[in-house]
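Below are the chains, spelled out letter by letter.
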Amino acid sequence: MKSYQKLTTAVPQPAGCRVEEEGAAPKTACRGKLAPWWVGSGLLVAAVLLSAVTVWVLRQVSRGWHVPAPPPKCLLVPESQRFDCYPERRVVVTQELCESRGCCFIETPPPAGGKRGVPWCFYPRDFPSYTLQSLNQTALGMVGLLLRREKTYYPRDIEMLRLDVEFETDTRLHLKITDAANPRYEVPLEVPQAMKRAENPIYSVEFSRDPFGVLLRRRATGTVLLNTTVAPLIFADQFLQISTALPSPFLYGLGEHRSNLLHSLNWSTLTLWARDVSPMESFNLYGAHPFYLVMEQGGDAHGVFLLNSNAMEVALQPAPALTWRTIGGVLDFYIFLGPDPNMVIQQYQQVIGFPAMPPLWGLGFHLCRWGYGSSNETWQTVKAMRNYQIPQDAQWNDIDYMDGYRDFTFDPEKFASLPSLVEDLHKHGQRYVMILDPGISSTNPHGSYWPFDEGLRRGLFINTTQGQPLIGQDMNEPSNFMDGSEDGCPPGDLDNPPYVPAVLGDSLSAKTVCASAKQSASVHYNLHNLYGLMEAKATASALVQIRGKRPLVISRSTFPSQGRYSGHWLGDNQSQWKDMYFSIPGLLSFSLFGIPLVGADICGFSGSTSEELCTRWMQLGAFYPFARNHNTQNEKAQDPTVFSPAARTAMKDVLLTRYSLLPFLYTLFHRAHLQGDTVARPLFFEFPQDVTTYGIDRQFLWGRSLLVTPVLEPGADSVMGYFPRGVWYDFYTGSSVNSSGEMLKMLAPLDHLNLHVREGAILPTQKPGITSEASRGNPLRLIVALSQSATAWGDLFWDDGESLDTFERGSYSYLVFNVTQNIFTSTVLHASAEATYVTIDTLSIFGVREPPSKVILNGQEKPFSYLDNQVLTVSGLGLGLSQGFSLRWL
């Protein structure tokens, strides 16, 4: 009899293969069969079985049911550890259907609200799986063969599989399972190739032979990070499934979905299939990101990435455990050992690629709407913003600027003044951005629309199975306002596969193109989730060739590595308070996905906003990494100029605050580009030992040191926020609060956003202008937030804000700021000509406990001010950014 490992984080030693790294001579120990978890306690088994039977009998009697008792092996499986054997939707699973698959059937009460709960049909522990036939050492790890002797219930089982295990780095393991005999589709993503085996991995790997399974442990703690022996491996041509136990219930990632940042493991299923739909809970949205991060007991973290672009779903259950189901490709896993969450995300981006450095103007405020109606109306909005001196870097138009909704055109009547508008924007240091859809019009007479004629000549378009251009109404996912095409989709296993994940619309072609459609690299069945990525890659490349400067591309549909080419906005949200809240877990999730340039449509895209909602949303949105106010046609305008003087002033003030912080924000993006740091950051990234932070998604950090606590409810004049242990300083005043790790209530009138600086940080800020270009020449103010030991650290990256590859070419300045023993030092580690045009004018030092008697700058005494809230300010410094200096207070 085969038996699966009992699902627990403290698992017994499996009978299998254990790989131990001892210097350059790794050892592999293998065992033949996995020991039954109940061996050694017959009385315990009898008691458990008796208890399970009693519960089952009482449940049936209470319902008046008279059905045969399930086999003992089924009753032994606790409800939380039942892995679904019949995941098909829209099917009433009967005992006959279930047992035809060789699985256990036990009915349980359905949960309230019509949601899925404990599966009625689940795998017994002796369900047939693969056997590990061989395992041999390679230069990078191991290679093995897996054999299945019994067919499963999905067609075209693959009998022999190849297992590749590569110890790529000390913190990264690569596991790949594929057909041993025939090539299969694999994601055409550039990934690093390891050149040698990791010498001192912080993990150990063990294998079970029969049934096959993988056990991955963290060496330092012994924590089991993966345990795939909990359910059978299935690898058919169009159904691949593998399950694992999780070491804790604290799981994040797996986008794109509207949900809390911390996922619920209460029998929830997350589907990954790019779909154009207004964000709503429980459905697959615009992008696909098969990556998760788990916080372990004690504060360690690890991440898992499945490099697969086919339609898939991830089933979560309270064991805690997780099941991957995909309908194509291979099982290509990367596991990142951290050990802290920041390092996990850095290691993930070492595989998928670090994000591009955005132009500085891309971090300014953007304004757009669908429905300006004309370039003159657009221009009036720009002029109104200037009139009120409200910061703005970019003006956008949605697709109504086009001539007949044809890409690369503009309406010669309604948008006749568009060239003049663009010229005016450029004269004022502003930029113009237009929205494009990938659908190219095919209705024009031959020779009258070059993009279609040229695309046809080059064979660039998606084709039907008959080799003709597929006609639909495409957008970025790709979205299609008809299912499949104007001719529907042909019969066959691509458009009607044996298993369809829980996609919205219950069909792969719902509001998109046919899965059987042909593209140059493969069929759409394999490439659908890559469409937005490839559009962004092509667009960014074209902009670089045309402009010779850093491009700004914002895409709705995304896939891993997207950050290399574009940012992301969170889609067609609504002007509702809950949408504003959900934007925070949205932007934090995309920070995990390596796409730091992210934001939601400020004030909401659909529906009419209110003045209070828009004011609060502008305050929050001013701290989105990508800040754009955007709304739809046929709704009232919602740019800052249309509101009352009080609301308009509040919006202006918070944008000025953002612009003052652009040097800090720009430096954060440099660190993201250089090494994969997050920009908008969950609190638990900085406080992984504080379990209270694990579920916080109504606050967030910029980097490690600026805490944002927005108001997310109507009618509020105060807000509750969590302050992790330590000293936090009010950003505006420098007043401090010493928190023991607690919720605090703060005043939050409509004109105020609560911002706090973490002790030990130094923030570079700048006198704000109404564009990033105007701000660039203004003097800097350095905000120093002393720690309880009177130390602080910060840095500043500075370049021309738009040239390509400035860091790689050395055309930048980089400064490090440090405070210790009442001495502030600025050290220039790298200098460029750009730094000579900027000065440091002011130092504001928070947390100076005793009034200084004097302040000395480079040996010369300087005037200063000192306030009762322990803020020391030294102004009029006039120091060039390119020169180091030292300032001391006595």
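Draft legend 1. Molecular detail of the overall build of the protein chain. Secondary structure summary: the protein chain contains 16 helices and 48 strands in total. For 890 residues, the compact-globule estimate of 2.2 N^0.38 gives 29 Å, and the protein chain sits close to it at 29 Å. In terms of overall dimensions, the protein chain has C-alpha extents of about 85 × 75 × 60 Å along its principal axes. Buried positions account for 59% of the 890 residues belonging to the protein chain. The long-range fraction of contacts in the protein chain, counting pairs at least 24 apart against all pairs at least 6 apart in sequence, stands at 69%. Total accessible area computed for the protein chain in this model is approximately 33600 Å², and 53% of it derives from carbon and sulfur atoms. A distance of 4 Å separates the average location of the 72 positive side-chain charges in the protein chain from that of its 84 negative side-chain charges.

Draft legend 2. Region of interest: helix α6 (residues 418-427). Every buried residue belonging to α6 is among Leu 418, Leu 421, Val 422, Asp 424 and Leu 425, and all of these are buried. Along the axis of α6, the buried residues cluster in a sector spanning 160°; they form a single face. The inward-facing, buried residues of α6 abut α5 (375-387), β22 (394-397) and β23 (431-434). Positive phi appears at Gly 429, one or two residues downstream of α6, with a value of about 70°.

Draft legend 3. Region of the structure containing the packing of aromatic side chains. Following the criterion strictly, the structure yields 34 aromatic pairs and no others. Here Phe 167 and Tyr 203 contribute two aromatic rings whose centre-to-centre distance is 5.9 Å and whose plane-to-plane angle is 5°, an arrangement assigned as stacked. Of this pair, Phe 167 sits in strand β7 (residues 160-169) while Tyr 203 sits in strand β9 (residues 203-208), placing them 36 residues apart in sequence. Judged by its relative accessible area of 2%, Phe 167 is buried.

Draft legend 4. Layout of the environment of Val 91. Locating Val 91 in the fold gives a position in the loop between α2 (72-75) and α3 (95-100). Those residues in contact with Val 91, other than ones at most four positions away along the chain, are Tyr 86 and Leu 97.

Draft legend 5. A look at the packing of helix α10 (residues 577-592) against helix α11 (residues 611-621). Viewed as axis vectors pointing N to C, α10 and α11 meet at an angle of 5°, and their least axial separation amounts to 10 Å. Viewed along their axes, α10 and α11 adopt a mutual orientation that is roughly parallel. Mapping the contact onto sequence places Trp 577, Asp 579, Met 580, Ser 583 and Ile 584 in α10 and Glu 612, Leu 613, Arg 616, Trp 617 and Leu 620 in α11. Taken together, the residues of the contact of α10 with α11 sort by class into six nonpolar, one polar and three charged.

Draft legend 6. Structural context of the nonpolar core. Counting residues in hydrophobic clusters, the biggest one holds 196 residues, and the most contacted among them are Leu 293, Trp 324, Phe 623 and Phe 824. Ranked by residue count, the leading element in this core is α10, at nine residues. Ignoring sequence-local partners within four residues, the contact set of Leu 293 consists of Phe 250, Leu 251, Tyr 252, Ala 301, His 302, Gly 303, Pro 341, Val 344, Ile 345, Leu 592, Phe 684 and Phe 685. Counting 28 residues, the second-largest nonpolar core is a separate cluster that includes Cys 103, Val 230, Leu 508 and Ala 515.

Draft legend 7. Fine view of the confidence of the model for the protein chain. The share of residues in the protein chain with pLDDT of 70 or more is 92%, and the mean pLDDT across the chain is 92. Between residues 20-29, whose pLDDT stays under 50, and residues either more than four places distant or in other chains, the model counts 24 contacts. Overall, residues 31-50 carries pLDDT values under 50, and its contacts beyond four positions in sequence, including any with other chains, amount to 38 contacts.

Draft legend 8. Here's a closer look at the sheet that holds strand β13 (residues 239-245). Taken in spatial order, the five strands line up as β12-β13-β19-β18-β15 in an open sheet, and their pairing is antiparallel. Looking along the sheet, the strands with just one partner apiece sit at the ends: β12 (234-236) and β15 (268-272). Taken over all neighbouring pairs, the strand axes of this sheet differ in orientation by 15° on average, direction set aside. Bridge count between β13 and strand β19 (residues 321-326): six bridges; the pairing is antiparallel. Bridge pairing in β19 links Ser 243 to Thr 323.

Draft legend 9. Highlighting the sheet that holds strand β24 (residues 554-555). Within the open sheet, the three strands sit side by side as β24-β25-β26. Their pairing is parallel. Among the strands making up the open sheet, the edge pair consists of β24 and β26 (598-599). Here two bridges tie strand β25 (residues 567-569) to β26, and the two strands are oriented parallel to one another. Along β26, the bridge assignment pairs Trp 569 with Gly 599.

Draft legend 10. Molecular detail of α5. Taking 1.5 Å per residue as the helical rise, α5 with its 13 residues ought to reach 18 Å, and the 18 Å between its terminal C-alpha atoms agrees with that figure. All of the buried residues in α5 are Ser 375, Thr 378, Trp 379, Thr 381, Val 382, Met 385 and Arg 386. The arc enclosing the buried residues of α5, seen along the axis, measures out at 155°, which places them on a common side. Looking one or two places after α5, you find Gln 389, whose phi comes out positive at around 55°.

Draft legend 11. Representation of the pattern of salt bridges within the structure. Summed over the entire model, instances satisfying the criterion amount to 37 salt bridges. With a closest N to O distance of 2.8 Å, Arg 550 and Asp 799 form a salt bridge. Placement of Arg 550 in the loop between α9 (531-547) and β24 and of Asp 799 in the loop between β39 (792-798) and α16 (806-809) is noted, with a sequence separation of 249 residues between them. In terms of burial, Arg 550 and Asp 799 fall into one category: buried. Residues Glu 686 and Arg 704 are paired through a salt bridge, measuring 3.9 Å at the closest nitrogen-oxygen approach. Of the two residues, Glu 686 is situated in helix α14 (residues 683-686) and Arg 704 in the loop between β30 (700-702) and β31 (706-709); the sequence distance between them amounts to 18 residues. Glu 686 gets classed as buried once you look at its relative accessible area, which sits at 16%.

Draft legend 12. Here's a closer look at the state of the cysteines. Applying the stated rule across the entire model yields five disulfides. Residue Cys 85 pairs covalently with Cys 103 via a disulfide, S to S 2.0 Å. Its torsion about the S-S bond being 65°, the disulfide of Cys 85 and Cys 103 is classed as right-handed. Placement of the pair is Cys 85 in the loop between α2 and α3 and Cys 103 in the loop between α3 and β3 (104-105), with a sequence separation of 18 residues. Taken individually, Cys 85 and Cys 103 each receive the classification buried, so the pair is uniform in this respect. Across a sulfur-sulfur distance of 2.1 Å, Cys 489 and Cys 514 are joined as a disulfide pair. One quick way to see it: the torsion about the S-S bond of Cys 489 and Cys 514 is about -95°, and its sign makes the bridge left-handed.

Draft legend 13. Highlighting the pairing of strand β33 (residues 726-730). Counting buried positions along β33 gives five out of five residues, so the element sits mostly inside the fold. Bridge analysis of β33 against strand β34 (residues 736-739) gives four bridges, and the strand direction is antiparallel. Paired with Val 727 across the bridge in β34 is Asn 738. Hairpin connection between β33 and β34: a loop of five residues separates the two successive antiparallel strands, and Gly 734 in this loop has a positive phi of roughly 85°. Pairing analysis gives three bridges linking β33 to strand β36 (residues 754-758), with the strands arranged antiparallel. Bridge pairing in β36 links Tyr 729 to Val 757.

Draft legend 14. Representation of unusual backbone geometry. Between Gly 255 and the following residue, Glu 256, the backbone shows a cis peptide bond with an omega angle of 10°. Mapped onto the fold, Glu 256 is located in the loop between β14 (250-255) and β15. Looking along the chain, the bond that leaves Glu 477 and enters Pro 478 is cis, with omega of 0°. Structurally, the position occupied by Pro 478 is in the loop between α7 (450-458) and α8 (524-527). Residue Arg 90 is not a glycine yet carries a positive backbone phi of 60°. Checked against the element boundaries, Arg 90 lands in the loop between α2 and α3.

Draft legend 15. Expanded view of a nonpolar patch on the surface. On the surface, a nonpolar cluster with roughly 300 Å² of combined accessible area is contributed by Phe 408, Met 434 and Leu 436. Topologically, Leu 436 is positioned in the loop between β23 and α7. A relative accessible area of 34% means that Leu 436 is categorised as partly exposed.

Draft legend 16. Representation of the side chain of Asn 526 within the structure. Structurally, the position occupied by Asn 526 is in helix α8. Judged by relative accessible area, which is 9%, Asn 526 ranks as buried. At 2.8 Å, the side chain of Asn 526 and the side chain of Ser 522 are in polar contact. When sequence neighbours within four positions are dropped, the list of residues in contact with Asn 526 reads Tyr 185, Ser 309 and Asn 310.

The rules behind these values
Residues numbered from 1 in each chain as written. Predicted model: local features only at pLDDT ≥ 70, side-chain atom pairs only at ≥ 80, totals over all residues. Heavy atoms only, no water. Helix = DSSP H or I, 4+ residues; strand = E, 2+ residues; numbered from the N terminus. Rg over C-alpha atoms; globule rule 2.2 N^0.38 Å. Buried < 20%, exposed > 50% of the residue type's maximum accessible area, 1.4 Å probe, protein only. Contact = heavy atoms within 4.5 Å. Areas by Shrake-Rupley, 256 points an atom, 1.4 Å probe, with all protein chains shown as cover. Lys, Arg positive; Asp, Glu negative; His and termini not counted. Charge placed at Lys NZ, Arg CZ, Asp CG, Glu CD. Arc of directions from axis to C-beta. Phe/Tyr/Trp six-rings, centres within 6.5 Å; stacked < 30°, edge-to-face > 60°. Axes fitted to C-alpha atoms, helices over the stretch in contact; angles between N-to-C directions. Parallel < 35°, antiparallel > 145°, perpendicular 65-115°, else oblique. Nonpolar A, V, L, I, M, F, W, Y, C, P; charged D, E, K, R; others polar. Core = buried A, V, L, I, M, F, W, Y, C linked by side-chain atoms within 4.5 Å. pLDDT = per-residue confidence, 0-100. Pairing = 2+ DSSP bridges. Expected span 1.5 Å × (residues − 1). Salt bridge = Lys/Arg side-chain N within 4 Å of Asp/Glu carboxyl O. Disulfide = S-S within 2.5 Å. Patch = residues over 30% accessible without salt bridge, like charges linked within 9 Å, V, L, I, M, F, W, Y side chains within 5 Å. Polar contact = N/O pair within 3.5 Å; in protein donor to acceptor, adjacent residues only side chain to side chain.

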